[in-house]
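Fold and contact review
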Amino acid sequence: PTALVWFRNDLRLRDHPALQTALKAGLAPMPVYIHAPHEEGGWLPGAASDAWRHRALAALDADLRQRGSRLHVFAGDSLATLQAVAAATGAAAVFWNRRHEPTIDARDTSIRRELRRDGLRVEAHNGSLLFEPWQLETRAGDPFRVFTPFWKAALSIWNLPPLQPAPDTLPGFDAVPGEIPLDALRLQPVPRWDAGFWSSWRPGEHGAASALRAFAAESLHDYRDGRDRPDQSLTSRLSPHLHFGEIAPWRVVAELANAGSPDQHAAYVRELGWREFAHHVLHHFPHTPDANFNPRFDDFDWVEPTPALLHAWQHGRTGVPIVDAGMRELWATGWMHNRVRMIVASFLAKNMRIHWRHGARWFWDTLVDADLANNSLGWQWVAGSGVDAAPYFRIFNPVLQARRFDPRGEYIARWVPELRPAPARLRHAPWECAADDRSLISGYPTTPIVDPAGSRREALEAFARLK
Ligand code: FAD
């Protein structure tokens, strides 16, 4: 008998609980992918995510073919598709790994109920997190709202699953009615603005494994102190691979355990802890992608953004070099260093005083690692409206941040070529350039879109009015 294995954000063959369940039960797993963006609620996958997903699905299909199987692709209503494929193949079971976004979770609950009503065996497993969002609670039985105690509780019940290799061979299936080629999903952008992405990324399980190997060999030893330096490549860049489930987080933890000192390892695993925390928060506070966690900010005096203001921020033309470098890195590669994400977000939400929602939407469309839990937590954290958020008055000074974390302005020069001729001092603050030296910054705005110091004061005044 057949079991449908419904692939979603778990695009791998190792450490795949749903696939393992089918194999252990002696069922023949049929890999199924259903394209159903209309079921994602208000957060349809963004363009960069789609571009990544296309390649990750193609990589999964190639790995399946090597083993005698392949990915059976469909588009349309998920429940109706699963019912039709189950009927066509005489499947006895449907297995999947959970996605923890509230809209998807609700959809899956109703799909499970319907399929069980049809007499199928249905199981959902955890394939993407170290802890399920409901596993941890405060002593009072409430969800956590602060990271440190959350993480302490997580470490106290630490128990990760054993690693599982990918199966050597898998059975093949004939095509069933409704099946379509991957290209028919049209996930690849037209025109191909993503062409520049793929020199820095390799979507799929093998790409995830090689990113992890490179990080273990080259960067983990310096991670704790180096992770804040955008001018150095010391973070793992695993975020899109983790988002699409091309590697299990417990494999990342296990494989890095022998690669660096316990200190560096703990510092890295703690960042994975933020990912866990973000999913915990999204599960318990499902409104936070769209609304302030702290309702006090509902009355905040945001500036209604003009298209020109938004465009300047989105395309790296604010005249504040570290902000522009980050936004251009995002546009060119689909990713941005975490420190710079905090700086550009703070600049939008505090200096420009534009609602964080506008920034979250732009990130959602342009990041290859766009993730509802991490993105919502990140934006609300910076804006000051979220759980465990930065106190509002801690407004990043983009010049001091750049001087500290990109001391020679190398990151700025990489992404803002207009400033390459300038010395570090002017790369950080080009408005300090003397009139007769303008050739050093030619083509770059001579005044920032908002004055960092004045706008900081105005933001604090707006915050004070809230009280
Ligand atoms: P590493 O430093 O190597 O960290 C390892 C992994 O830990 C990451 O891959 C990621 O899965 C997780 N992680 C690290 N930091 C965080 C964090 N602060 N919050 C949650 N998880 C974390 N991350 C996303 O994956 N998707 C998003 O859409 C996203 N949006 C963000 C928006 C803002 C405004 C901010 C400030 C942060 C956002 N982050 C997001 C978190 C973080 O910036 C990225 O996870 C990180 O930069 C990815 O690079 P890396 O894999 O090299 O990280």
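Refer to the preceding data block for the structure.
Residues numbered from 1 in each chain as written. Predicted model: local features only at pLDDT ≥ 70, side-chain atom pairs only at ≥ 80, totals over all residues.

1. Structural notes on the overall build of the protein chain
The secondary structure content of the protein chain amounts to 19 helices and 5 strands. A compact globule built from 467 residues should have a C-alpha radius of gyration of about 23 Å, and the protein chain, at 23 Å, falls within 12% of that. Along the first, second and third principal axes, the C-alpha set of the protein chain runs to 80 × 50 × 45 Å. Burial analysis of the protein chain (467 residues in total) assigns 47% to the buried set. Expressed as a percentage of contacts within the protein chain between residues at least 6 apart in sequence, the contacts between residues at least 24 apart total 77%. (Helix = DSSP H or I, 4+ residues; strand = E, 2+ residues; numbered from the N terminus. Rg over C-alpha atoms; globule rule 2.2 N^0.38 Å. Buried ≥ 20, exposed ≤ 12 C-beta atoms within 10 Å, placed from the backbone. Contact = placed C-beta atoms within 7 Å.)

2. Focus: the nonpolar core
In terms of nonpolar packing, the biggest core is built from 122 residues, with A3, L4, V5, V32, L82, V94 and I412 touching the most fellow members. Of the residues forming this core, the biggest block, 8 residues, is contributed by helix α2 (residues 47-66). The contacts of A3, once residues within four sequence positions are left out, are A22, L27, A28, P29, A91, A92, A93, V94 and F95. (Core = buried A, V, L, I, M, F, W, Y, C linked by C-beta atoms within 7 Å.)

3. Focus on the environment of H221
When you line up the elements, H221 lands in the loop between α6 (205-218) and α7 (223-226). Judged by the 14 C-beta atoms lying within 10 Å of it, H221 is partly exposed. Separated by 19 residues in the primary sequence, H221 and P240 place their C-alpha atoms 22 Å from one another. Among all residues touching H221, those that are not within four sequence positions of it are G260 and Q264.

4. Structural notes on the site of the ligand
Lining the immediate environment of the ligand, one finds 28 residues, of which T235, S236, S239, N375 and G378 sit closest. Those elements that place two or more of their residues in the shell around the ligand are α8 (239-243), α10 (262-284), α13 (338-351) and α15 (372-383). For the shell around the ligand, the element with the most residues is α15, which contributes 6 residues. Across the shell around the ligand, the residue classes tally to 13 nonpolar, 8 polar and 7 charged. Three or more residues apiece are contributed to the shell around the ligand by two domains, here domain 2 (129-165 + 204-286) and domain 3 (295-466). (Near = placed C-beta within 6 Å. Nonpolar A, V, L, I, M, F, W, Y, C, P; charged D, E, K, R; others polar. Domains from an automatic or database assignment.)

5. Here's the deal with the pairing of strand β5 (residues 121-125)
The alternating pattern of β5 places V122 and A124 on a buried face, while none of R121, E123 and H125, on the opposite face, is buried. Pairing of strand β4 (residues 93-97) with β5, which is carried by 5 bridges, proceeds in the parallel orientation. Its bridge partner being in β5, W96 is matched across the sheet by A124. Each parallel crossover has a hand, and for β4 linked through helix α4 (residues 102-117) to β5 it is right-handed. (Pairing = 2+ DSSP bridges. Right-handed = clockwise from strand over helix to strand, strands pointing away.)

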